[in-house]
Amino acid sequence: MTASPDLGTFQLASPDLLRSTFRRHAAGVAVITASGASGPVGFTATSLTSVSAEPPLVSFGIGTGASSWPAVAATEHVGIHILGEHQSELAATFARSGADRFGAPTAWRQGPEGVPVLDDVLAWLVCRIVARVPAGDHRIVLAEVLGGDPSGAGRPLLYHHGRFNGLRD
């Protein structure tokens, strides 16, 4: 049972309030990839959402200041990878600014539509971008699923309180 809210600690909206609140929200971890003019790009995302089953649509957010944004802004297709609890280092690599995300030990191959596909993930999709919606300092990318593979083994990786964690029973 949770306690009643203490309205005396109410805070006005701010970036810090939003970050502090969402640190308490456990989210699945995905890596979004795309082919860029200078090679593959990718980033860790916890904003992946299933939008529609018919047609199959997903969405994710990306900051317009992110190093991957120019490629995502220009490409027609992206790869979406659901990470397993054994992939916290991979998630950290794709979250780290300036990291060589596709260098060793990252294992990947070129997939359908030229999208970089990561190895050993729980599931992956190749999607066609249908919209990039302005949302503050981010864009919400809406993408139609073209195909993929949901057959990877393992349990999901979660992000909670600023750390990558496995699912607990």
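How each quantity is defined
In every chain, residue numbers begin from 1 and rise along the written sequence. Given that the model is predicted, a residue must reach a pLDDT of at least 70 before its local features are reported, and side-chain atom pairs must reach 80 or more before they are shown or counted; all residues, however, enter totals for whole chains, interfaces and linings. The side-chain values count all of the structure's non-hydrogen atoms but skip hydrogen atoms and water molecules. Stacked, tilted and edge-to-face are the three classes applied to pairs of Phe, Tyr and Trp rings, where Trp contributes its six-membered ring and a pair requires centres within 6.5 Å; stacked means planes under 30 degrees apart, edge-to-face means over 60, and tilted covers the rest. Relative accessible area decides the class of each residue, using a 1.4 Å probe on protein chains only: under 20% of the type maximum gives buried, over 50% gives exposed, and in between gives partly exposed. UniProt positions are given in the numbering used here, feature names are shortened, and annotations may be inferred rather than shown by experiment. Secondary structure elements are defined from DSSP: runs of H or I of at least 4 residues count as helices, runs of E of at least 2 residues count as strands, and each element is numbered from the N terminus. Contact between two residues is taken to exist if any of their heavy atoms lie within 4.5 Å; hydrogens are not considered. Counted as salt bridges are all cases of a side-chain nitrogen of Lys or Arg within 4 Å of a carboxyl oxygen of Asp or Glu. Each nonpolar core is a collection of buried residues, namely Ala, Val, Leu, Ile, Met, Phe, Trp, Tyr and Cys, held together in the definition by side-chain atoms within 4.5 Å.

Draft legend 1. Inspection of the packing of aromatic side chains at higher detail. For the coordinates displayed, the defined rule picks out 4 aromatic pairs. When the ring of phenylalanine 94 is compared with that of phenylalanine 102, the centres are 5.2 Å apart and the planes differ by 85°; the resulting orientation is edge-to-face. Assessed through its relative accessible area of 1%, phenylalanine 94 is described here as buried. Judged by relative accessible area, which is 14%, phenylalanine 102 ranks as buried.

Draft legend 2. How the structure looks around the UniProt feature "domain: Flavin reductase like" (unreviewed entry) in the protein. Listed under "domain: Flavin reductase like" (unreviewed entry) in the UniProt record, and renumbered for this structure, are residues 22-166. Taken end to end, residues 22-166 is 10% helix and 51% strand, and its two terminal C-alpha atoms sit 18 Å from one another.

Draft legend 3. Molecular detail of the environment of tryptophan 69. By the element assignment, tryptophan 69 lies in helix α2 (residues 69-74). Tryptophan 69 sits 39 residues away from alanine 30 along the chain, and the two C-alpha atoms are 16 Å apart. With sequence-adjacent residues up to four places away left out, tryptophan 69 is seen in contact with Ile62, Gly63, Thr64, Arg132 and Arg139.

Draft legend 4. Quick peek at the pattern of salt bridges. This model, assessed by the stated rule, comprises 3 salt bridges. Measuring nitrogen to oxygen at the nearest pair gives 3.9 Å for the salt bridge that ties arginine 155 to glutamate 85. Residue arginine 155 is found in the loop between β10 (138-149) and β11 (157-160), and its partner glutamate 85 is found in the loop between β6 (77-82) and α3 (88-95); the two are separated by 70 residues along the sequence. When its relative accessible area of 31% is taken as the criterion, arginine 155 is described as partly exposed. When its relative accessible area of 33% is taken as the criterion, glutamate 85 is described as partly exposed.

Draft legend 5. Focus on the nonpolar core. Ranked by internal contacts, the top residues of the largest apolar core, which has 18 residues, are Phe60, Val72 and Val78. Those elements that place two or more of their residues in this core are β2 (30-36), β3 (39-45), β5 (56-63), α2, β6, β9 (123-135) and β10. Leave out the neighbours within four places in its chain, and phenylalanine 60 touches Ile32, Phe43, Ser47, Leu48, Val72, Val78, Ile80, Arg139, Ile140 and Val141. One finds Val29, Val31, Val117 and Val126 within the second-largest nonpolar core, a separate group that totals 14 residues.

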